[in-house]
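What follows is the residue order along each chain.
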Amino acid sequence: MSQIYLYILISILTIASPGPGVLLTLMNTLNYSLRSALAGIIGVAVGMGVISIIAASSLGVIITTSQFALIVVKIVGAAYLAYLGVKLFRSTPKKMRESGSEGSLILPSKSSRFRQGFFVSLLNPKPIVFFMALFPQFINAEKPFISQFCIFSMIFCVLVVIIHFIYGASASSVKKKLATGKAFSYLNKTGGSVFMVFAIGLIGSVITQYLH
(Lines give C-alpha, C1' and ligand atoms only; values in the text may rest on other atoms or scores of the structure.)
Protein backbone atom coordinates (compact mmCIF):
# COMPACT_ATOMS: atom_id res chain seq x y z
CA MET A 1 0.00 0.00 0.00
CA SER A 2 3.04 2.28 0.27
CA GLN A 3 3.00 2.45 -3.55
CA ILE A 4 -0.56 3.75 -3.71
CA TYR A 5 0.53 7.05 -5.25
CA LEU A 6 2.32 5.25 -8.07
CA TYR A 7 -0.82 3.20 -8.69
CA ILE A 8 -2.91 6.38 -8.84
CA LEU A 9 -0.45 7.98 -11.30
CA ILE A 10 -0.48 4.94 -13.60
CA SER A 11 -4.27 4.78 -13.41
CA ILE A 12 -4.65 8.48 -14.27
CA LEU A 13 -2.38 8.15 -17.30
CA THR A 14 -4.27 5.05 -18.46
CA ILE A 15 -7.75 6.54 -18.02
CA ALA A 16 -6.78 9.86 -19.60
CA SER A 17 -5.50 8.12 -22.74
CA PRO A 18 -8.08 8.64 -25.52
CA GLY A 19 -10.18 5.55 -26.13
CA PRO A 20 -13.78 4.49 -26.85
CA GLY A 21 -14.96 5.51 -23.36
CA VAL A 22 -13.47 8.99 -23.59
CA LEU A 23 -14.87 9.43 -27.11
CA LEU A 24 -18.34 8.41 -25.91
CA THR A 25 -18.19 11.00 -23.10
CA LEU A 26 -17.08 13.73 -25.50
CA MET A 27 -19.77 12.99 -28.07
CA ASN A 28 -22.55 12.73 -25.47
CA THR A 29 -21.50 16.09 -24.03
CA LEU A 30 -21.23 17.79 -27.42
CA ASN A 31 -24.52 16.40 -28.73
CA TYR A 32 -26.50 16.89 -25.55
CA SER A 33 -24.94 18.29 -22.34
CA LEU A 34 -22.45 17.46 -19.61
CA ARG A 35 -25.34 16.59 -17.30
CA SER A 36 -26.76 14.30 -19.95
CA ALA A 37 -23.35 12.62 -20.37
CA LEU A 38 -23.05 11.75 -16.65
CA ALA A 39 -25.10 8.54 -16.97
CA GLY A 40 -22.69 7.32 -19.65
CA ILE A 41 -19.70 8.25 -17.47
CA ILE A 42 -21.13 6.25 -14.57
CA GLY A 43 -21.70 3.37 -17.00
CA VAL A 44 -18.04 3.47 -18.07
CA ALA A 45 -16.93 3.45 -14.41
CA VAL A 46 -19.23 0.54 -13.46
CA GLY A 47 -18.03 -1.36 -16.52
CA MET A 48 -14.44 -0.87 -15.38
CA GLY A 49 -15.39 -2.11 -11.93
CA VAL A 50 -16.86 -5.29 -13.42
CA ILE A 51 -13.74 -5.75 -15.55
CA SER A 52 -11.54 -5.45 -12.46
CA ILE A 53 -13.56 -8.26 -10.85
CA ILE A 54 -13.23 -10.37 -13.99
CA ALA A 55 -9.48 -9.73 -14.10
CA ALA A 56 -9.10 -10.77 -10.45
CA SER A 57 -11.03 -14.00 -11.01
CA SER A 58 -10.25 -17.15 -12.94
CA LEU A 59 -12.42 -15.82 -15.78
CA GLY A 60 -9.78 -13.18 -16.49
CA VAL A 61 -7.14 -15.89 -16.81
CA ILE A 62 -9.37 -17.84 -19.19
CA ILE A 63 -10.01 -14.82 -21.40
CA THR A 64 -6.36 -13.78 -21.61
CA THR A 65 -4.91 -17.28 -22.04
CA SER A 66 -7.58 -18.79 -24.30
CA GLN A 67 -7.15 -17.64 -27.88
CA PHE A 68 -10.76 -18.49 -28.72
CA ALA A 69 -12.21 -16.62 -25.72
CA LEU A 70 -10.13 -13.52 -26.42
CA ILE A 71 -11.10 -13.56 -30.10
CA VAL A 72 -14.81 -13.80 -29.19
CA VAL A 73 -14.53 -10.84 -26.80
CA LYS A 74 -12.72 -8.79 -29.43
CA ILE A 75 -15.22 -9.59 -32.19
CA VAL A 76 -18.22 -8.74 -29.99
CA GLY A 77 -16.49 -5.55 -28.84
CA ALA A 78 -15.65 -4.57 -32.42
CA ALA A 79 -19.25 -5.18 -33.51
CA TYR A 80 -20.58 -2.95 -30.70
CA LEU A 81 -18.10 -0.15 -31.47
CA ALA A 82 -19.01 -0.35 -35.15
CA TYR A 83 -22.71 -0.14 -34.21
CA LEU A 84 -22.07 2.99 -32.11
CA GLY A 85 -19.98 4.46 -34.92
CA VAL A 86 -22.64 3.97 -37.60
CA LYS A 87 -25.35 5.24 -35.24
CA LEU A 88 -23.38 8.39 -34.45
CA PHE A 89 -22.33 8.92 -38.08
CA ARG A 90 -25.97 8.86 -39.20
CA SER A 91 -27.41 10.80 -36.25
CA THR A 92 -29.03 14.20 -36.68
CA PRO A 93 -26.96 16.94 -35.01
CA LYS A 94 -28.52 18.68 -32.01
CA LYS A 95 -28.61 22.11 -33.63
CA MET A 96 -30.48 20.75 -36.64
CA ARG A 97 -33.02 19.00 -34.40
CA GLU A 98 -33.55 22.17 -32.40
CA SER A 99 -34.23 24.14 -35.57
CA GLY A 100 -37.08 21.78 -36.48
CA SER A 101 -40.50 21.52 -34.92
CA GLU A 102 -40.96 22.28 -31.25
CA GLY A 103 -40.19 19.34 -29.00
CA SER A 104 -38.29 17.52 -31.76
CA LEU A 105 -35.18 17.26 -29.57
CA ILE A 106 -35.42 13.91 -27.83
CA LEU A 107 -32.70 13.07 -25.34
CA PRO A 108 -31.65 9.42 -24.96
CA SER A 109 -32.77 7.97 -21.64
CA LYS A 110 -30.33 7.78 -18.74
CA SER A 111 -30.51 4.00 -18.85
CA SER A 112 -29.62 4.04 -22.56
CA ARG A 113 -26.56 6.24 -21.97
CA PHE A 114 -25.57 4.11 -18.96
CA ARG A 115 -25.74 0.92 -21.05
CA GLN A 116 -23.62 2.49 -23.78
CA GLY A 117 -20.89 3.44 -21.32
CA PHE A 118 -21.10 0.09 -19.55
CA PHE A 119 -20.76 -2.01 -22.69
CA VAL A 120 -18.05 0.21 -24.20
CA SER A 121 -15.95 -0.67 -21.14
CA LEU A 122 -17.07 -4.27 -20.72
CA LEU A 123 -16.50 -5.30 -24.35
CA ASN A 124 -13.00 -3.86 -24.51
CA PRO A 125 -10.46 -6.64 -23.77
CA LYS A 126 -7.56 -4.25 -23.15
CA PRO A 127 -8.64 -3.22 -19.60
CA ILE A 128 -8.74 -6.90 -18.58
CA VAL A 129 -5.13 -7.35 -19.62
CA PHE A 130 -4.25 -4.03 -17.95
CA PHE A 131 -5.80 -5.01 -14.62
CA MET A 132 -4.20 -8.45 -14.66
CA ALA A 133 -0.81 -6.85 -15.25
CA LEU A 134 -1.31 -3.96 -12.80
CA PHE A 135 -2.93 -5.46 -9.70
CA PRO A 136 -0.23 -8.05 -8.91
CA GLN A 137 2.41 -5.30 -8.86
CA PHE A 138 0.70 -3.52 -5.95
CA ILE A 139 -0.88 -6.38 -3.98
CA ASN A 140 0.88 -7.26 -0.72
CA ALA A 141 0.76 -11.06 -0.44
CA GLU A 142 1.04 -10.84 3.34
CA LYS A 143 -2.23 -8.91 3.68
CA PRO A 144 -5.83 -9.87 2.82
CA PHE A 145 -6.35 -9.83 -0.95
CA ILE A 146 -10.04 -8.84 -0.99
CA SER A 147 -9.60 -5.60 0.97
CA GLN A 148 -6.66 -4.52 -1.17
CA PHE A 149 -8.51 -5.41 -4.37
CA CYS A 150 -11.57 -3.41 -3.32
CA ILE A 151 -9.46 -0.33 -2.54
CA PHE A 152 -7.55 -0.43 -5.83
CA SER A 153 -10.69 -1.11 -7.87
CA MET A 154 -12.65 1.67 -6.14
CA ILE A 155 -9.80 4.15 -6.68
CA PHE A 156 -9.72 3.33 -10.39
CA CYS A 157 -13.49 3.70 -10.81
CA VAL A 158 -13.54 7.03 -8.96
CA LEU A 159 -10.70 8.28 -11.13
CA VAL A 160 -12.68 7.23 -14.23
CA VAL A 161 -15.59 9.43 -13.14
CA ILE A 162 -13.34 12.42 -12.29
CA ILE A 163 -11.27 12.29 -15.48
CA HIS A 164 -14.24 11.72 -17.76
CA PHE A 165 -16.05 14.59 -16.05
CA ILE A 166 -13.05 16.82 -16.81
CA TYR A 167 -13.14 15.71 -20.45
CA GLY A 168 -16.87 16.43 -20.54
CA ALA A 169 -16.46 19.86 -18.92
CA SER A 170 -13.81 20.74 -21.50
CA ALA A 171 -16.08 19.62 -24.34
CA SER A 172 -18.96 21.59 -22.83
CA SER A 173 -16.93 24.81 -22.89
CA VAL A 174 -15.92 24.23 -26.52
CA LYS A 175 -19.51 23.43 -27.52
CA LYS A 176 -20.56 27.04 -26.98
CA LYS A 177 -18.37 28.03 -29.92
CA LEU A 178 -20.10 25.57 -32.24
CA ALA A 179 -23.03 27.71 -33.30
CA THR A 180 -24.09 25.82 -36.44
CA GLY A 181 -25.65 22.47 -37.14
CA LYS A 182 -23.01 21.96 -39.82
CA ALA A 183 -20.27 21.97 -37.19
CA PHE A 184 -22.15 19.40 -35.11
CA SER A 185 -22.72 17.28 -38.20
CA TYR A 186 -18.97 17.28 -38.87
CA LEU A 187 -18.26 16.30 -35.26
CA ASN A 188 -20.77 13.44 -35.36
CA LYS A 189 -19.31 12.06 -38.56
CA THR A 190 -15.78 12.40 -37.18
CA GLY A 191 -16.74 10.74 -33.89
CA GLY A 192 -18.59 7.96 -35.70
CA SER A 193 -15.58 7.38 -37.95
CA VAL A 194 -13.26 7.14 -34.93
CA PHE A 195 -15.53 4.54 -33.30
CA MET A 196 -15.34 2.52 -36.53
CA VAL A 197 -11.54 2.88 -36.54
CA PHE A 198 -11.47 1.42 -33.02
CA ALA A 199 -13.63 -1.46 -34.30
CA ILE A 200 -11.30 -2.05 -37.26
CA GLY A 201 -8.34 -2.02 -34.85
CA LEU A 202 -9.93 -4.80 -32.77
CA ILE A 203 -10.70 -6.86 -35.87
CA GLY A 204 -7.13 -6.29 -37.05
CA SER A 205 -5.81 -7.64 -33.75
CA VAL A 206 -8.09 -10.69 -34.16
CA ILE A 207 -6.68 -11.38 -37.61
CA THR A 208 -3.11 -10.95 -36.36
CA GLN A 209 -3.78 -13.23 -33.37
CA TYR A 210 -5.36 -15.87 -35.65
CA LEU A 211 -2.46 -15.82 -38.13
CA HIS A 212 0.06 -16.31 -35.33
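Now for a description of the structure that goes with this document. Once a new chain begins, its residue numbering starts again from 1 and follows that chain's sequence as written. Selection of residues for local features in this predicted model requires a pLDDT of at least 70, selection of side-chain atom pairs for listing and counting requires 80 or more, and totals for whole chains, interfaces and linings are taken over all residues. Think of the side-chain values as coming from all heavy atoms in the structure, minus any hydrogens and water.

## A word on the layout of surface pockets
Okay, so step 1: Taken as a whole, the largest pocket spans an internal volume of roughly 510 Å³.
Okay, so step 2: Lining the largest pocket are 24 residues, with Gly19, Pro20, Asn124, Lys126 and Pro127 sitting closest to its centre.
Okay, so step 3: At the level of elements, α1 (4-16), α2 (20-31), α3 (34-56), α7 (110-122), α8 (126-138), α9 (145-175) and α10 (181-211) are the ones that each hand at least two residues to the lining of the largest pocket.
Okay, so step 4: A total of 4 residues in the lining of the largest pocket trace back to one element, the largest contributor, which is α10.
Okay, so step 5: In this count, Pro and Cys sit with the nonpolar residues alongside Ala, Val, Leu, Ile, Met, Phe, Trp and Tyr, while Asp, Glu, Lys and Arg are called charged and the others, Gly among them, polar. For the lining of the largest pocket, the per-class residue count stands at 14 nonpolar, 9 polar and 1 charged. Think of a 1 Å grid over the protein atoms and nothing else: a 1.4 Å probe that fits but is trapped marks a cavity, an open set flanked by protein within 12 Å on at least five of seven lines marks a pocket, and residues with an atom within 4 Å of a point count as lining. Grid points are joined across faces, edges and corners, and a volume is the space filled by probe spheres set on the points. A run of H or I in DSSP counts as a helix once it spans at least four residues, and a run of E counts as a strand once it spans at least two, with each numbered from the N terminus.

## Remarks on the nonpolar core
Okay, so step 1: Take the buried Ala, Val, Leu, Ile, Met, Phe, Trp, Tyr and Cys residues and link them wherever side-chain atoms come within 4.5 Å; each set so joined is a nonpolar core. A 1.4 Å probe rolled over the protein chains alone gives each residue an accessible area, and that area as a share of the maximum for its type sets the label: buried under 20%, exposed over 50%, partly exposed in between. Among the nonpolar cores identified, the biggest contains 22 residues, and Tyr7, Ile15, Phe131, Phe135, Phe152, Phe156 and Val160 are the most heavily contacted of them.
Okay, so step 2: For this core, the elements supplying multiple residues, two or more each, are α1, α3, α8 and α9.
Okay, so step 3: Throughout, a residue-residue contact means that at least one pair of heavy atoms, one from each residue, lies within 4.5 Å. Sequence-distant contacts of Ile15, defined by excluding residues within four places in its chain, comprise Val22, Phe156, Leu159, Val160, Ile163 and His164.
Okay, so step 4: With 15 residues, the next largest nonpolar core counts Met27, Ala78, Leu81 and Ala171 among its residues.

## Observations concerning the packing of aromatic side chains
Okay, so step 1: The aromatic pairing rule takes the rings of Phe, Tyr and Trp, using the six-membered ring of Trp, and pairs them if the centres are within 6.5 Å, calling planes under 30 degrees apart stacked, those over 60 edge-to-face and the rest tilted. Applying the stated rule across the entire model yields 4 aromatic pairs.
Okay, so step 2: Relative to Phe152, the ring of Tyr7 lies with its centre 4.6 Å away and its plane at 55°, an arrangement referred to as tilted. Residue Tyr7 is found in helix α1, and its partner Phe152 is found in helix α9; the two are separated by 145 residues along the sequence. Comparing Tyr7 with Phe152, the two get one shared label, buried.
Okay, so step 3: Their ring planes at 65° and their centres at 4.8 Å tell us that Phe131 and Phe156 sit as a pair that is edge-to-face. One end of the pair, Phe131, is in helix α8; the other, Phe156, is in helix α9, with 25 residues separating them in the sequence.
Okay, so step 4: With a relative accessible area of 1%, Phe131 lands in the buried category.

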